[in-house]
Amino acid sequence: MSSVTATVEQPRSAAIDWDAIRSDFPVLDQEINGHPLVYFDSAASSQRPRQVIEAIQRYYQEDHANVHRGIHELSNRATVAYEGARVRAAEFFNSHSSDEIVFTRGTTESINLIASAWAGTKLREGDQVLITEMEHHSNLVPWQLLSERMGIELVFWPIHEGGESLDWEAFDRLLTPKVKVVTCVHISNSLGVINPVQEICRRAREVGAVSLVDGAQSAGHRRIDVQAMGCDFYTFSGHKLCGPTGIGGFYGRWECLEAMPPYQGGGEMIEEVGYTQVSYKAPPHRFEAGTPHMAGAVGLHAAMDYLDAIGRDQIAEHDAELTRYAYDRLSDMEGVKIYGPAGERGAVLSFLLDDVNANDLVEYVDKRGVALRGGHHCTQPLMKKLGVPGTARASFYFYNRKEEVDRMIEAIGRARRLFGSG
Ligand code: PMP
């Protein structure tokens with residue numbers, strides 16, 4: 001296992017020019033339906049800065065060939081670029097080694113891989129997986145599949161009414177030595193709840209369970225240190241942190257990765273193949289069968305550099321201030337119910353109006369250039385628990401401004417005058 005040596009860029013200490021940063025995002029500079037775009041759907045997918053787009057273009061124009069197998073110059077360059085992205089990701093998440101970073105298509109594929117290759121080979125019938133009630137389908141359905149296949153029991157860690165937090169008394173009751181995996185979302189994409197993952201992982205360890213943190217909504221929004229978090233697995237998606245689609249991955253603690261058999265078979269992941277026998281490479285390559293997404297890795301590397309040049313603490317502060325502002329403005333309106341915590345939260349606001357349904361609202365504000373999302377946000381059981389079919393959701397990132405929140409509030413006011421009682 002090789003250790004990480006590259007240095008992390010220092011965050012800027014001077015005041016940040018958020019307007020200049022916003023101008024790095026060409027897609028934001030356009031009109032939608034005759035109005036300047038307000039993009040409040042970054043929880044679904046963030047936008048990309050010029051720097052990431054150019055890095056991908058440069059890779060295809062100058063360096064592309066298949067990785068690892070070739071010994072010609074272009075193949076070497078592509079290999080260096082791909083493996084360099086792994087070292088960068090290790091640094092970004094502060095894993096002990098770049099060998100603990102596995103590239104996949106994103107969070108969904110990462111969780112499926114871990115559920116199948118780790119839990120699917122280590123757990124026995126009757127073992128329990130403890131899972132919160134606020135999970136995205138991608139951290140629920142893979143466990144349901146496993147449960148169907150192996151007779152594993154899924155135990156649900158309840159949330160409090162209204163979804164403001166997890167019920168810790170229930171956790172104390174449910175966390176027994178029968179639990180072999182504890183898994184939770186770091187920042188909920190539907191509620192904005194920030195779960196205390198360090199504490200959750202510590203408690204999981206106490207009963208000998210492995211911990212998996214779904215980091216889809218946290219990876220690009222705050223400083224992540226997987227060693228301090230104490231998790232066994234942490235998953236992420238590149239497209240939610242200013243990187244390309246189709247690339248993401250996970251951190252896996254070395255002892256866990258080493259104990260896992262391959263997930264898929266094919267080229268790149270083998271040591272030696274005969275007609276009847278095969279030996280596999282060590283992690284992480286054991287889990288990366290086939291030609292990898294090199295251009296994606298290059299873009300991911302550029303995205304991580306970009307976020308660190310701003311500073312992830314600064315991004316987190318910006319997120320928090322903007323979300324607080326939006327929360328206050330929205331809750332000043334009559335007949336608005338906001339789901340999730342009133343205090344500290346991720347850059348996500350799920351809400352409902354008492355007189356306009358969520359889909360009508362989202363459709364209407366789009367006509368005013370405001371991109372919100374309406375529906376169950378891939379958390380159908382959570383919506384049922386909250387007693388709603390879905391919500392409207394505004395989600396923010398560092399390229400958003402308070403003026404855009406004002407535009408959203410104004411558009412919501414208009415929707416109410418048109419459809420509702422306002
Ligand atoms: N978990 C959470 C909390 C998410 O918000 C998402 C994306 N909406 C996912 C998992 C799945 O991510 P991806 O579609 O990139 O695999």
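All values derive from a computational prediction rather than experimental measurement.

Enquirer: I tried to follow the pairing of strand β10 (residues 248–252) on my own but got confused; where do I start?
Expert: Remember that side chains alternate between the two faces of the sheet whenever the strand is regular. Within β10, five of the five residues are buried, leaving the element largely enclosed by the surrounding structure. Side chains Gly248, Phe250 and Gly252 project from β10 onto one buried face, and the interleaved Gly249 and Tyr251 project onto a second face that is buried too. Here strand β4 (residues 101–104) runs beside β10; their pairing, made up of four bridges, is antiparallel. Its bridge partner being in β10, Val102 is matched across the sheet by Phe250. As defined by bridge partners, strand β9 (residues 233–237) adjoins β10 across five bridges and the pair is classed as antiparallel. Of the residues in β10, the one forming a bridge with Thr235 is Phe250.

Enquirer: Is there a simple way to think about the site of the ligand in this case?
Expert: Taken together, Thr107, Thr108, His136, Ser138, Val185, Asn189, Asp214, Ala216, Gln217, Ser237, His239 and Lys240 form the complete shell of residues around the ligand. Here an oxygen atom of the ligand sits 3.5 Å away from a polar atom, N or O, in the main chain of Thr107. Ser237 places a polar side-chain atom, nitrogen or oxygen, 2.7 Å from an oxygen atom of the ligand. The fraction of the free accessible surface of the ligand (400 Å²) that becomes covered by protein chains is 85%. The site holding the ligand turns out to be the largest pocket. Residues belonging to the shell around the ligand are distributed by class as follows: two nonpolar, eight polar and two charged.

Enquirer: What's the story with empty space enclosed by the protein in this structure? I'm lost.
Expert: For the structure on display, the rule yields one cavity of 30 Å³ or more. In this structure, the largest cavity spans a volume of roughly 40 Å³. Every residue lining the largest cavity is listed: His68, Tyr82, Glu268, His285, Glu288, Gly290 and Pro292.

Enquirer: Is there a simple way to think about the environment of Ala392 in this case?
Expert: Residue placement: Ala392 occurs in strand β17 (residues 391–395). With 85 residues separating them along the chain, Ala392 and Leu307 place their C-alpha atoms 28 Å apart.

Enquirer: Which parts of the structure should I look at to understand the nonpolar core?
Expert: Buried together is how nonpolar side chains tend to be arranged in soluble globular proteins. Phe93, Tyr234, Phe351 and Phe398 are the most contacted members of the largest nonpolar core, which has 103 residues in total. The element contributing the most residues to this core is helix α10 (residues 294–310), with eleven residues. Not counting the four nearest positions on each side in its chain, Tyr234 is found in contact with Phe93, His186, Val213, Gly215, Ser218, Ala219, Ile224, Val226, Met229, Gly249, Phe250 and Tyr251. Within the second largest apolar cluster, 26 residues are counted, among which are Ile131, Leu140, Met150 and Val210.

Rules of the game
Numbers given to residues run from 1 along each chain, matching the order in which its sequence is written. Under the rules for a predicted model, residues below a pLDDT of 70 receive no local features and side-chain atom pairs below 80 are neither given nor counted, while totals for whole chains, interfaces and linings still include all residues. The side-chain quantities take in all heavy atoms of the structure and omit both hydrogens and water. Exposure categories follow from relative accessible area, calculated using a 1.4 Å probe and restricted to protein chains: below 20% of the type maximum is buried, above 50% is exposed, and the middle band is partly exposed. Numbering of helices and strands starts at the N terminus; helices are DSSP runs of H or I of at least 4 residues and strands are runs of E of at least 2. The criterion for strand pairing is that DSSP finds at least two bridges linking the strands in question. Nearness here has a simple test: a residue counts as near a molecule or strand if at least one of its heavy atoms is within 4 Å of that partner. A 3.5 Å cut-off defines polar contacts: any pair of N or O atoms within that distance qualifies, except that in protein one atom must be a possible hydrogen donor and the other a possible acceptor, and neighbouring residues in sequence count only when both atoms are side-chain atoms. Here, Shrake-Rupley sampling with a 1.4 Å probe gives the accessible areas, and only protein chains in the shown set may cover a residue. Definitions used throughout: a 1 Å grid over protein atoms alone; a cavity as a set of points that fits a 1.4 Å probe which cannot get out; a pocket as an open set with protein on both sides within 12 Å along at least five of seven lines; a lining residue as one with an atom within 4 Å of a point. Whether a molecule lies in a cavity or pocket depends on its atoms, and more than half of them have to be within 2 Å of the grid points. Under this grouping Gly is polar, as are all residues other than the nonpolar Ala, Val, Leu, Ile, Met, Phe, Trp, Tyr, Cys and Pro and the charged Asp, Glu, Lys and Arg. Grid points are joined across faces, edges and corners, and a volume is the space filled by probe spheres set on the points. What makes a nonpolar core is a set of buried Ala, Val, Leu, Ile, Met, Phe, Trp, Tyr and Cys residues whose side-chain atoms join them at distances within 4.5 Å. A contact between two residues is defined here by any heavy atoms of the two lying within 4.5 Å.

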